[in-house]
Amino acid sequence: MTLTTLLRATILALGLTGLSAAASANALDDIKAAKKIRVGIDLGAPFYGYIDDKMQAVGSDVEAARLLAQDLGVELEIVQTTNSARIPNLLSNKADLIISSLSITPERAKAVDFSIPYGAIQAAVGAPKDVQISGMQDLAGKRVAVTRGGPQDKLISERAPQANLVRFDDEAASITAAASGQTDIVAITPPIIKAIADRNPSRPFEVKFVIESYKLGIAMRQNEPELKGWVDEWVKANLQNGKLNEIHLKYAGVPIPDEIVQGSGQ
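Residues numbered from 1 in each chain as written. Predicted model: local features only at pLDDT ≥ 70, side-chain atom pairs only at ≥ 80, totals over all residues. Heavy atoms only, no water.

A.B. asks: Where do I start with the side chain of Ser 174 in this structure?
C.D. replies: In this structure, Ser 174 sits in helix α7 (residues 171-180). If sequence neighbours within four positions are ignored, Ser 174 has contacts with Val 146, Thr 147, Phe 168 and Ile 188. (Helix = DSSP H or I, 4+ residues; strand = E, 2+ residues; numbered from the N terminus. Contact = heavy atoms within 4.5 Å.)

What follows is the structure, encoded as structure tokens:
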């Protein structure tokens, strides 16, 4: 064998070894090896994730992420994100998972993989009691606060194109806008509409109508079957034992829809 042939064979062998190592690597093993899981959470989204008066991250998604890290036996690192940056942060490897009131949609499923549903979120329109609106047709020409990139942003854009959308980067800003009177109408979730009413009782906000209901999933990068399998089993177990429901009740004041819990047992 000539020197040139030997060198070629060596390079080929090293290349195949590298490919084999890459193929055998997976995100779940990496997380366990690092003893840390990075979870992207929007901390401007009460009741899902927010900063309390003690400057601590709290909320249903925060507590769910802590439970997941505990059950996996690793440290939790919260990667603070905004609503619109959730999937980009995942795809750029800034986070291992996204647990951040992320609804499962066909468009998102083209870019990321989702766990089985761990909850559900309703897209609703809220306004003060004296504002007379009952459907999408009543939003024409009116200012409506939405969180940029959220499902309500898309729904109002598509179904009420004559509405004057006022976009905010996170739900905390949307809440402030509605509670302070910058906008009289907000498209967000029912628990957050209640939070607006609680923040400013002189402007008693209420749910005017529900636009759509969405199932929530934990997002991860595609082609990670070991990680997806572990997360799916974790969701299933903690829906069945009631722990995720306890967390949801604590922050939202209502249980996880029964269809989600029952669906996890199938």
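A.B. asks: How should I be thinking about the sheet that holds strand β3 (residues 49-51) in this particular structure?
C.D. replies: The strands that make up a sheet are held in pairs by hydrogen bonds between backbone atoms, and each pair lies either parallel or antiparallel. Strand order in the open sheet formed by three strands is β2-β3-β4, with antiparallel pairing between adjacent strands. For this open sheet the edge positions go to β2 (44-45) and β4 (57-58), each flanked by a neighbour on one side alone. For β2 and β3, the ladder comprises two bridges, and the chain directions are antiparallel. When the bridges of β3 are listed, Ala 45 appears paired with Gly 49. (Pairing = 2+ DSSP bridges.)

A.B. asks: Teacher, can you tell me more about the nonpolar core here?
C.D. replies: Nonpolar side chains in soluble globular proteins tend to be buried together. By size, the foremost hydrophobic cluster in this structure holds 59 residues, and its most contacted members are Ile 37, Leu 97, Val 125, Leu 139, Ile 156 and Ile 218. The element best represented in this core is helix α3 (residues 60-72), accounting for seven residues. What Val 125 contacts, discounting residues up to four positions off in sequence, is Ile 133, Leu 139, Ile 156, Ile 185, Val 186, Ala 187, Ile 193, Glu 206, Val 207, Lys 208, Phe 209 and Ile 211. Counting 15 residues, the second largest nonpolar core, distinct from the first, contains Ile 175, Ile 193, Ile 196 and Ala 197. (Core = buried A, V, L, I, M, F, W, Y, C linked by side-chain atoms within 4.5 Å. Buried < 20%, exposed > 50% of the residue type's maximum accessible area, 1.4 Å probe, protein only.)

A.B. asks: Sorry if this is basic, but what is going on with empty space enclosed by the protein here?
C.D. replies: To find leftover empty space, a probe the size of one water molecule is rolled over the atoms. Under the criterion given, the structure shown has two cavities of 30 Å³ or more. Contributing to the lining of the largest cavity are Tyr 48, Ser 60, Asp 61, Ala 64, Tyr 118, Gly 119, Leu 216, Leu 244, Ile 247, His 248 and Ile 256. Looking at the lining of the largest cavity, the elements with two or more residues in it are α3 and α10 (243-252). By residue class, the composition of the lining of the largest cavity is seven nonpolar, three polar and one charged. For the second largest cavity, the calculated volume is near 30 Å³. Taken together, Asn 83, Arg 86, Ser 101, Ile 121, Pro 151, Gln 152 and Glu 171 make up the lining of the second largest cavity. Looking at side-chain class alone, the lining of the second largest cavity contains two nonpolar, three polar and two charged residues. (1 Å grid on protein atoms, 1.4 Å probe; cavity = no way out; pocket = protein on both sides within 12 Å on 5 of 7 lines; lining within 4 Å. Points joined across faces, edges and corners; volume = space filled by probe spheres on them. Nonpolar A, V, L, I, M, F, W, Y, C, P; charged D, E, K, R; others polar.)

A.B. asks: Whenever I open this one, the layout of surface pockets confuses me. Can you help?
C.D. replies: Quantified by volume, the largest pocket comes out at close to 270 Å³. Taken together, 17 residues form the lining of the largest pocket, with Ala 120, Ile 121, Gln 122, His 248 and Pro 257 sitting closest to its centre. Mapped onto the lining of the largest pocket, the elements with two or more residues apiece are β8 (119-128), α8 (190-199), β12 (205-216) and α11 (258-263). Within the lining of the largest pocket, the residues separate by chemical class into eleven nonpolar, four polar and two charged. Roughly 220 Å³ of internal volume is contained in the second largest pocket. Lining the second largest pocket are 13 residues, with Thr 105, Glu 107, Pro 151, Lys 154 and Tyr 214 positioned closest to its centre. Every element with two or more residues in the lining of the second largest pocket is listed here: α5 (106-109) and α6 (151-159).

Fair warning: the whole summary comes from geometry, so function is off the table for now.
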